[in-house]
Amino acid sequence: MILDLIKVIFLGIIEGLTEFLPVSSTGHLIIADSFIKLEPKAFSNAFSVIIQLGAILAVVYLYFYDINPIARGKLVAVLGEEKYNELSFKEKFKYRDLETMRLIAKIIVGFLPAAFFGFLLDDFIDAHLFNPITVAIALIFYGIVIIFMEKNNKDKDFKYETLDDIGLKTALFIGFFQCLAMVPGTSRSAATIIGAMLLGCSRTSSAKFSFYLAVPTMLGATALKILKIGFSFSLWQWFLILLGGIISYIVALVVIKKFLGYVREHDFIPFGYYRIVLGLVVLCLGFFNVI
């Protein structure tokens, strides 16, 4: 039991560190699981997906004001303090912030492709793609894509500088790019950020939209896993999932703030090189049957 706790703590830290970086959190968890195995395999696969919910809740906590159309500050700015305090919850919703509602609409539209293809392909992906070699190939391929894209975009003026500039059509196309991340090792954040930048979004707006899009996407992925497994895991296994989620939440709180600060001043090329090196190392380990 102590050994399981140590493994889960380590995996929770990996998830929190990598969920929002363009390096693939699921890929890192699959690689780590080759060395610190959680058994059985079905539990390990479910664990890798469900603990991402912890990192996603970190986004909800940090950016709840941005995605809450009836946030106190937004309504007070329009109605005034006295009028705001007089309104019931239902009445407050009548004065909801329209810009926030538009953002929510974009997030929902961007989520739809993943909802459709995720439901359709989830079993196939679990059975055939959750392995280190698939992860290694995806790491290398998209590492090259990131480097090429960033060098091609150097000094480029982006069409959509802020989230407000992104329309529903662009949000939908970003959602289709997100579907590429169903292959472990691709990285959900890498797929959405690459897609958004190719569609003309700035690096900062791409990263923020990727954060927001993660919320319904990972909630959906977690719900799908839980519906499929039901309550087949033991109480101890559910406790390990809960612990992993809490740790990933705490670590992600720090990483999100640091990452957004980074992208305002730097490009993603270092992440591209990191992906390539890690992918090559994994391929070598696989060649020598180490993993």
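Residues numbered from 1 in each chain as written. Predicted model: local features only at pLDDT ≥ 70, side-chain atom pairs only at ≥ 80, totals over all residues. Heavy atoms only, no water.

By the naming in an unreviewed UniProt entry, the protein chain is Undecaprenyl-diphosphatase, taken from Peptoniphilus genitalis. Turning to the protein chain, the UniProt record has this under Function (unreviewed entry): "Catalyzes the dephosphorylation of undecaprenyl diphosphate (UPP). Confers resistance to bacitracin." (UniProt positions renumbered as here; feature names shortened; annotations may be inferred.)

Asker: Explain the packing of helix α4 (residues 52-67) against helix α13 (residues 235-265) residue by residue, including any values.
Answerer: Two elements in contact, α4 and α13, have axes separated by 7 Å at closest approach and are oriented at 50°. Considering their axes alone, α4 and α13 lie oblique with respect to each other. Like other packed secondary-structure pairs, α4 and α13 cross with a definite hand, here right-handed. Two secondary-structure elements touch here, α4 through G54, A55, L57, A58, V59, Y61, L62 and Y63 and α13 through G245, S248, Y249, A252, L253, I256, K257 and L260. Among the residues making up the contact of α4 with α13, the classes are represented as 12 nonpolar, 3 polar and 1 charged. (Axes fitted to C-alpha atoms, helices over the stretch in contact; angles between N-to-C directions. Helix = DSSP H or I, 4+ residues; strand = E, 2+ residues; numbered from the N terminus. Parallel < 35°, antiparallel > 145°, perpendicular 65-115°, else oblique. Left-handed = near helix turned anticlockwise from the far one by under 90°. Contact = heavy atoms within 4.5 Å. Nonpolar A, V, L, I, M, F, W, Y, C, P; charged D, E, K, R; others polar.)

Asker: Go over the confidence of the model for the protein chain with me, naming the residues and quoting the values.
Answerer: Mean pLDDT over the protein chain: 91, with 99% of residues reaching 70 or higher. Element-level mean pLDDT values for the protein chain span from 84 in helix α3 (residues 41-50) up to 97 in helix α10 (residues 168-178). (pLDDT = per-residue confidence, 0-100.)

Asker: Explain the UniProt feature "transmembrane region" (unreviewed entry) in the protein chain residue by residue, including any values.
Answerer: The UniProt feature table records "transmembrane region" (unreviewed entry) at residues 42-64, 103-121, 127-149, 170-197, 209-227, 239-260 and 272-290. The span residues 209-227 is 100% helical and 0% strand by assignment, and the distance between its end C-alpha atoms comes to 27 Å. Across residues 272-290 one finds 84% helix and 0% strand; the C-alpha atoms that close the span lie 24 Å apart.

Asker: Before we move on, can you summarise the nonpolar core with the specific residues and values?
Answerer: F20, F47, F211, F259 and F268 are the most contacted members of the largest nonpolar core, which totals 58 residues. Broken down by element, this core gets its largest block of residues, 12 residues, from α13. Non-local contacts of F211, meaning those with residues more than four positions away in its chain, are made with F20, V59, Y63, I256, F259 and L260. Of all hydrophobic cores here, the second largest spans 14 residues; its members include A114, I125, F130 and V282. (Core = buried A, V, L, I, M, F, W, Y, C linked by side-chain atoms within 4.5 Å. Buried < 20%, exposed > 50% of the residue type's maximum accessible area, 1.4 Å probe, protein only.)

Asker: Give a description of the packing of aromatic side chains that names residues and reports values.
Answerer: Applying the stated criterion to the full structure yields 14 aromatic pairs. Measuring from ring centre to ring centre gives 5.2 Å for F43 and F233, while their planes differ by 90°; the resulting arrangement is edge-to-face. Separated by 190 residues along the polypeptide, F43 in helix α3 and F233 in the loop between α12 (203-229) and α13 bring together distant segments of the chain. F233 shares its class with F43; the two are buried. (Phe/Tyr/Trp six-rings, centres within 6.5 Å; stacked < 30°, edge-to-face > 60°.)

Asker: Run through a nonpolar patch on the surface, naming residues and quoting values.
Answerer: A surface patch of nonpolar side chains, amounting to about 500 Å² of accessible area, comprises F35, F287, F288 and V290. Position of F287 among the secondary structure elements: in helix α14 (residues 269-287). (Patch = residues over 30% accessible without salt bridge, like charges linked within 9 Å, V, L, I, M, F, W, Y side chains within 5 Å. Areas by Shrake-Rupley, 256 points an atom, 1.4 Å probe, with all protein chains shown as cover. Salt bridge = Lys/Arg side-chain N within 4 Å of Asp/Glu carboxyl O.)

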